[in-house]
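Residue-level structure breakdown
Here is what each chain is made of, one letter per residue.
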Amino acid sequence: MKPDVSSVDPPKAPESKANAKEDLKSAHAPERRAKSGSTPAGLSQAEAQKLLAQFGPNELAEKKTNALLKLLGYFWGPIPWMIEVAAILSGLVRHWADFWIIAALLIFNAGVGFWQEFTAGNAVEALRKQLAMRARALRDGAWQEIDAKLLVPGDVIRIRLGDVVPADVKLFEGDYLSVDQSALTGESLPVTKQNGDEAYSGTVVKQGEMVAEVSATGAQTKFGKTASLVGEAQTVSHFQKAVLTIGDYLIYVSLALVVMLVLFQLHRNAPWLDLVQFALILTVASIPVAMPAVLSMTMAVGATALSKRKAIVTRLESIEEMASMDVLCSDKTGTLTQNRLTLGKVELFHAADEQAVLLAASLASKAEDKDAIDQAVIEGLKSQDALKSYRQTAYVPFDPVHKRTEATITDGQGKSFQVTKGAPQVIMQMSGLSDEEAKHAEEVVNAFAEQGYRALGVARKEQDAQQWQFLGILSLFDPPREDSAQTIASAEAHGVDVKMVTGDNEAIAKQISGKLGLGTNILRASALSLDKDGHRDAADGERVENTDGFAEVFPEHKFAIVKLLQARNHITGMTGDGVNDAPALKQADVGIAVSGATDAARAAADLVLTAPGLSVIINAIEEARRIFERMNAYAVYRISETIRIMIFVVLTMIFFNFYPITAIMIILLAFFNDVPIMTIAYDRTGLEKNPVRWDMNQVITVATAMGIVGVIGSFGMLLIAMDWLKLDVSKIQTYVFLKMAVAGHLVLFAARAKEHMWKRPWPAPVMIWSAVITKLAATVLAAYGFGLITPISWPEIALIWGYSIVSALMTDWVKVAVYRRLRNRVSRHQSFLAVLQRPLHHFGYKKH
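Source: prediction; values computed, not measured. (Residues numbered from 1 in each chain as written. Predicted model: local features only at pLDDT ≥ 70, side-chain atom pairs only at ≥ 80, totals over all residues. Heavy atoms only, no water.)

Details of the overall build of the protein chain
- When helices and strands are counted, the protein chain shows 29 helices and 21 strands.
- The burial tally for the protein chain puts 54% of its 848 residues in the buried class.
- Looking at the protein chain alone, contacts between residues at least 24 apart form 73% of all its contacts between residues at least 6 apart.
- Accessible surface, the protein chain as shown: approximately 37,600 Å² in total, 57% of it carbon and sulfur. (Helix = DSSP H or I, 4+ residues; strand = E, 2+ residues; numbered from the N terminus. Buried < 20%, exposed > 50% of the residue type's maximum accessible area, 1.4 Å probe, protein only. Contact = heavy atoms within 4.5 Å. Areas by Shrake-Rupley, 256 points an atom, 1.4 Å probe, with all protein chains shown as cover.)

Details of the packing of helix 26 (residues 696-724) against helix 27 (residues 729-751)
- Orientation of helix 26 relative to helix 27, taken along the N-to-C sense of each, is 150°, at an axis distance of 10 Å. In terms of orientation, helix 26 and helix 27 fall into the roughly antiparallel class. Considering only the axes of helix 26 and helix 27, their crossing is right-handed. Two secondary-structure elements touch here, helix 26 through Met-706, Gly-710, Gly-713, Ser-714, Met-717, Leu-718, Ala-721 and Met-722 and helix 27 through Ile-732, Tyr-735, Val-736, Lys-739, Met-740, Val-747, Ala-750 and Ala-751.
- Split by residue class, the contact of helix 26 with helix 27 holds twelve nonpolar, three polar and one charged. (Axes fitted to C-alpha atoms, helices over the stretch in contact; angles between N-to-C directions. Parallel < 35°, antiparallel > 145°, perpendicular 65-115°, else oblique. Left-handed = near helix turned anticlockwise from the far one by under 90°. Nonpolar A, V, L, I, M, F, W, Y, C, P; charged D, E, K, R; others polar.)

Side note on the packing of aromatic side chains
- Following the criterion strictly, the structure yields nine aromatic pairs and no others.
- Where Tyr-390 meets Phe-417, the ring centres are 6.0 Å apart and the plane angle is 90°; that geometry is what we call edge-to-face. Here Phe-417 lies in strand 13 (residues 416-422) and Tyr-390 lies in the loop between helix 15 (372-379) and strand 11 (391-396), a separation of 27 residues in the sequence.
- Relative to Trp-794, the ring of Tyr-784 lies with its centre 6.4 Å away and its plane at 75°, an arrangement referred to as edge-to-face. Taken as a pair, Tyr-784 in helix 28 (residues 765-784) and Trp-794 in helix 29 (residues 794-842) lie far apart in primary sequence, ten residues in all. (Phe/Tyr/Trp six-rings, centres within 6.5 Å; stacked < 30°, edge-to-face > 60°.)

Some remarks on helix 17 (residues 435-450)
- Here helix 17 spans 22 Å end to end across 16 residues, near enough to the 22 Å set by a 1.5 Å rise per residue.
- Buried within helix 17 we find Ala-441, Val-444, Val-445 and Phe-448. Summarising the axial view, the buried residues of helix 17 lie within an arc of 95°, below the 170-degree limit, and thus occupy one face. For helix 17, the exposed residues lying more than 90 degrees away from the buried face are Asp-435, Glu-436, Lys-439 and Glu-450.
- Taken from the residues just after helix 17, Gly-452 is the one with a positive phi, measuring 85°. (Expected span 1.5 Å × (residues − 1). Arc of directions from axis to C-beta.)

Comments concerning unusual backbone geometry
- Between Arg-760 and Pro-761 the backbone carries a cis peptide bond, its omega angle lying at 0°.
- Counting through the fold element by element, Pro-761 comes out in the loop between helix 27 and helix 28.
- Phi angles above zero are rare outside glycine, and Lys-726 is one such case at about 55°.
- Here Lys-726 is to be found in the loop between helix 26 and helix 27.
- With a phi close to 55°, Phe-786 is a non-glycine residue in the positive phi region.
- With respect to the secondary-structure elements, Phe-786 resides in the loop between helix 28 and helix 29.
- Residue Phe-786 is classed as exposed on the basis of its relative accessible area of 56%.

Some points on the sheet that holds strand 15 (residues 469-477)
- Spatial ordering of the open sheet is given by 10-15-14-13-12-11, a layout of six strands whose pairing is antiparallel. Only two strands of the sheet have a single partner each, and these edge strands are strand 10 (342-348) and strand 11. On average, each strand axis in the sheet is tilted by 25° relative to the strand beside it, whichever way the strands run.
- Both strand 13 and strand 14 (residues 454-462) contribute to a ladder of six bridges, which runs antiparallel. Across the sheet, Lys-421 pairs through a bridge with Val-458, a residue of strand 14. (Pairing = 2+ DSSP bridges.)

A short note on the sheet that holds strand 17 (residues 522-524)
- Pairing within the open sheet is mixed, and its eight strands lie in the order 8-21-20-19-9-16-18-17. Two strands in the sheet have a free side with no partner beyond their single neighbour: strand 8 (311-313) and strand 17. On average, each strand axis in the sheet is inclined to that of its neighbour by 20°, with strand direction left out of account.
- As paired elements, strand 20 (residues 590-593) and strand 21 (residues 607-609) share two bridges and run parallel to each other. The residue of strand 21 that forms the bridge with Ile-592 is Leu-607.

A look at a nonpolar patch on the surface
- Judged by side-chain polarity, Ile-768, Trp-769, Val-772, Ile-773 and Leu-776 come together as a nonpolar surface patch covering roughly 500 Å² of accessible area.
- Of note, Val-772 is situated in helix 28. (Patch = residues over 30% accessible without salt bridge, like charges linked within 9 Å, V, L, I, M, F, W, Y side chains within 5 Å. Salt bridge = Lys/Arg side-chain N within 4 Å of Asp/Glu carboxyl O.)

Points about the environment of Trp-724
- Tracing the backbone through its elements, the reader meets Trp-724 in helix 26.
- Here Trp-724 falls in the exposed class, since its relative accessible area comes to 60%.

Description of the nonpolar core
- Core analysis: the largest hydrophobic core is formed by 77 residues, its most contacted members being Met-322, Leu-607 and Leu-609.
- Considering every element that reaches this core, the biggest residue donor is helix 24 (residues 615-656), with 16 residues.
- Among residues more than four places away in sequence, those in contact with Leu-607 are Leu-306, Ala-311, Ile-312, Val-313, Thr-314, Met-322, Gly-591, Ile-592, Ala-593 and Ala-620.
- Of all hydrophobic cores here, the second largest spans 49 residues; its members include Leu-257, Val-650, Ile-666 and Ala-782. (Core = buried A, V, L, I, M, F, W, Y, C linked by side-chain atoms within 4.5 Å.)

Thoughts on the environment of His-95
- Locating His-95 in the fold gives a position in the loop between helix 5 (78-92) and helix 6 (96-130).
- What makes His-95 partly exposed here is its relative accessible area of 23%.
- Between the alpha carbons of His-95 and Ile-664 there is a distance of 9.0 Å; along the sequence they are 569 residues apart.

Topic: helix 14 (residues 354-363)
- Counting buried positions along helix 14 gives seven out of ten residues, so the element sits mostly inside the fold.
- All of the buried residues in helix 14 are Val-357, Leu-358, Leu-359, Ala-360, Ala-361, Ser-362 and Leu-363.
- Where helix 14 begins, one side-chain oxygen reaches toward the backbone nitrogen of Gln-355, 3.2 Å away; that side chain belongs to Asp-353. (Polar contact = N/O pair within 3.5 Å; in protein donor to acceptor, adjacent residues only side chain to side chain.)

Spelled out as structure tokens, the structure:
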């Protein structure tokens, strides 16, 4: 229900404008107020409009790239350039069918990438709209509820329990505010604010009500300035590096083959037009035309699957990074913990039992205020029915001067007494404890502080008594989330090292870290010589790598910790929910904004969780690794296919001096093999236990071996057609085309797993049907020609199918042999390292 702002009287305006200015100066009002001419009576609507034009809306400016420029960006880069060159060459030799097919593939590739980025951006924008805030502002002498983004410096606003402070403000009327700054500073306990103090945008009011003047909005707030660090964060996607590496490899191979063939053709006095025509064929054959689209589609399908599990992906490439992630830096407050005070141990003094202390403390509370401390105390009662027999006749709320609450209570017999709770030192002083009792109480308070607990004294005074009776001391703490320990254990079982990062002190950090099973090797951020500009002690990297967590951390520390881990070759993830997490979320390879995160954290993150808890991160890691396996399989398949086509065509031209396949056949192969191959995005894959990374040496080695087997198979088919069946060139070309079409998709089934293709997990049904339909289409085309190719008979087609199946099985056998050899080499290398590290372990050296 909306608050009734009309019933609240505005603060009284001073008698004169001159006096008003003096009053404002004495209250340390912002210089901007003097410039704007505003008074505590607020601004007029006209003044507000002028200031809005001057200072802009109260929101973080977002750099938006023009949609057309973003789309054109997909036509710029090494792979698009290769496709564009192929299209130009097609136009030069007037092969218009080739030209339009290549252009269609280019546009399709760009469209898929653009659409997926656009869709992800819309999802985040929808989340931002859900976070739109309202504010109570004094305009034209009356309280009004307006959009928070319309606030301007000089506006007078009312903030109270439950409000998110909409801008940086100076408090000037009211008793006090208790403000939760955990979203900005990482502190788990509220901070008390009084007249003359500043409250910051993005913080949450836990108690109290005050009137304040807006001093800064948008990017000029502390919230905005912290978020501006995000702009400094830059990371390069490992996915992009992998795509470029594959592209570069294919380009180099292609150039080498082009040069080789051109030299041969010039020696044979071949016409220049024929050379251009062949350059076209070879260029088209060497281009992984659909590779970016297939990989983007694979990640997009994974992103859709994650969204169903309450996780929205904002950057597709981050899925691949998540599969490789081996370190997860997790913010404590609100991420590993509940950001909710909970009752801990109770130390008894003059009370019969713990429930007696809690009953007195509960009676000194006001449940309807929903104060965090009051709620924790009341929830500690075994039965809240015990409160029903008491009536609160007077209540004095907590204030920063007296540092306690006090209530006058009447019980069921009409007997009256008083109860109080608050800072232990204050309650102890009121109770007149003996020296021994006071010493014991201080020891208890100090012991609680060492454990990271907040202490609360409780006392009671009978109606006729002169002295308060000290009942006991309560301890309060911010407990871990119920699923945090299990999530951390699951993460470590998946090979991900979790490190806690918090702004709280070392005692609290050690206590929570120990409860979660992370270990208690906590490092204070001040112990590291971290520098945002990159100047760091060489030893810092090792200390950051080996610690279990960090305490007393500021935003710059989080940012630099992530960079130190990245510098030591770790793929680093970061979870968080506050503004203080945003720079590190952006810098991390995988930034994860948890449920309830601030707008700045969501904007910086790669993955936004929309359900409470962190368990979805494990689901995301597993899904990411499956997606990675699909992308890895496609990369192996595509490189092997390119090698198979290029080397076969070049060697055929060199040794037999004719085109073994026509340009239109090569482009049709691209459709039959690459476009339907997008079903690999839905493939069933195994799940790796440890983080996975692009191993280009392995990918290229396996793909090259498979490609060479394919070249040998294609030459076998060529020799059968030439020497055994004595066919003419046009029919030979159809033989080669159908063999490449059928064997191509069979090779995909070989490439999708490191073991034999007939072992589990089997391909997804959509992938099988894709292969069946496209291969039937290629078979029908070979049988009837349709004016595009020379038709062949059905017995010949059966021969080609049988030969292709045998060839695919041989390719699969070679693939398994190569993988096993590579694994054995890695195992021998790891065994050698283990032998070297034994002396180090003997001396206590720790290595994650």
